[in-house]
Amino acid sequence: MSRSSSNRNLIIRSARHLFYTRGFEHTSLADLAQDSGVNKGSFYYHFPSKDDVLRAVIEARLLDIDAALERWQQEHATPRLRLVRFVHMITSERDALVAHGCPTGSLLSELGKGDPSLHQEAVAILERYVTFLTRQLEELSLPEPRSLAMHLMARLQGAILLSHAYHSTDLLDREVALAITWLDDLILTSNPSHGDIS
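Values in this document were obtained by computation on a predicted structure and should not be read as measured data. (Residues numbered from 1 in each chain as written. Predicted model: local features only at pLDDT ≥ 70, side-chain atom pairs only at ≥ 80, totals over all residues. Heavy atoms only, no water.)

J.: Can you walk me through the overall build of the chain in this structure?
T.: The helix and strand inventory of the chain stands at 10 helices and 0 strands. The secondary structure elements of the chain, listed N-terminal to C-terminal, are α-α-α-α-α-α-α-α-α-α. Viewed in the frame of its principal axes, the chain has a C-alpha envelope of about 65 × 35 × 30 Å. A buried classification covers 42% of the 198 residues belonging to the chain. Of the contacts made within the chain by residues no fewer than 6 positions apart, 67% connect residues no fewer than 24 positions apart. Carbon and sulfur atoms make up 53% of the accessible area of the chain, which amounts to about 10,400 Å² in all. (Helix = DSSP H or I, 4+ residues; strand = E, 2+ residues; numbered from the N terminus. Buried < 20%, exposed > 50% of the residue type's maximum accessible area, 1.4 Å probe, protein only. Contact = heavy atoms within 4.5 Å. Areas by Shrake-Rupley, 256 points an atom, 1.4 Å probe, with all protein chains shown as cover.)

What follows is the structure, given as structure tokens:
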């Protein structure tokens with residue numbers, strides 16, 4: 001990897017961390033340059049503005065999501081197991097979520113007050129998840145799969161918000177368990193022929 005590519009990656013890594021822990025609005029270009037260890041000349045060569053950094057962060061996040069979703073698709077044999085793996089993504093990141101909230105949800109909340117084009121670009125992160133969930137629910141022959149996918153996303157986002165507000169990992173774990181129970185009940189109620197829902 002060239003030094004130029006390395007510097008760019010260092011900036012993106014710092015931005016992902018600082019935008020999450022401090023917020024997009026409360027992170028300056030100077031903060032990013034200092035945290036990444038990249039001098040200002042190199043920094044501005046790669047990213048003339050903070051919006052440019054954000055677009056690179058969103059692109060990197062989408063690549064990570066695509067890789068994870070593809071891996072889950074390959075590793076788990078049934079739609080139900082893929083849905084459960086998706087829900088458990090939250091528990092695998094519980095400490096960060098309780099401390100800082102949802103990185104995507106927080107970003108969308110900030111961007112919703114500013115540039116609509118940036119907000120729309122960030123929505124693409126949620127849409128990746130919704131599309132994945134919809135596909136699994138379609139495979140289970142459930143009615144209105146996209147609406148159900150949206151409901152599951154809303155349920156999990158609400159759980160993260162409350163867990164962050166109350167600083168409670170127990171609350172988050174309970175909501176994850178309830179979400180999985182909801183999914184299993186939904187599968188069996190909508191299609192009793194599934195029997196073994198594993």
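J.: Quick question: what am I supposed to make of helix H7 (residues 103-111) here?
T.: Each α-helix turn comprises 3.6 residues. Residues three or four places apart therefore point the same way. Residues of H7 that are buried include every one of Thr104, Leu107, Leu108, Glu110 and Leu111, and no others. Here the buried residues of H7 occupy an arc of 160° about the axis, which is enough to place them on one side. Summarising the contacts, the buried residues of H7 are in contact with helix H4 (50-75) and helix H8 (116-139). (Arc of directions from axis to C-beta.)

J.: Can you help me understand the nonpolar core in this one?
T.: In globular proteins that are soluble, nonpolar side chains generally tend to be buried together. Core analysis: the largest hydrophobic core is formed by 60 residues, its most contacted members being Phe43, Val53, Phe86 and Val87. Take this core: its biggest share by element is 11 residues, from H4. (Core = buried A, V, L, I, M, F, W, Y, C linked by side-chain atoms within 4.5 Å.)

J.: Hey, could you run me through unusual backbone geometry in this one?
T.: What you tend to see is this: most non-glycine residues have negative phi, and most peptide bonds are trans. One non-glycine residue, Ser141, lies in the positive phi region at around 60°. Looking at where Ser141 falls in the secondary structure, it is placed in the loop between H8 and helix H9 (145-166). On the basis of relative accessible area, Ser141 is assigned to the exposed category, the value being 53%. Positive phi, close to 50°, is recorded for His167, a residue that is not glycine. Tracing the chain through its elements places His167 in the loop between H9 and helix H10 (169-190).

J.: Please clarify how the pattern of salt bridges should be interpreted in this entry.
T.: Any two side chains of opposite charge can pair if their charged atoms end up close together. In the structure shown here, the tally under the stated rule is 8 salt bridges. With a shortest N-O distance of 2.8 Å, Arg80 and Asp184 are connected by a salt bridge. You can see Arg80 sitting in helix H5 (residues 79-92) and its partner Asp184 sitting in helix H10, a full 104 residues away along the chain. Here Asp184 falls in the buried class, since its relative accessible area comes to 14%. Note that Arg94 is salt-bridged to Asp173, the shortest N-O span being 2.9 Å. Here Arg94 is found in helix H6 (residues 94-100), whereas its partner Asp173 is found in helix H10, with 79 residues between them in sequence. For Arg94, a relative accessible area of 27% translates into the label partly exposed. Judged by its relative accessible area of 28%, Asp173 falls in the partly exposed class. (Salt bridge = Lys/Arg side-chain N within 4 Å of Asp/Glu carboxyl O.)

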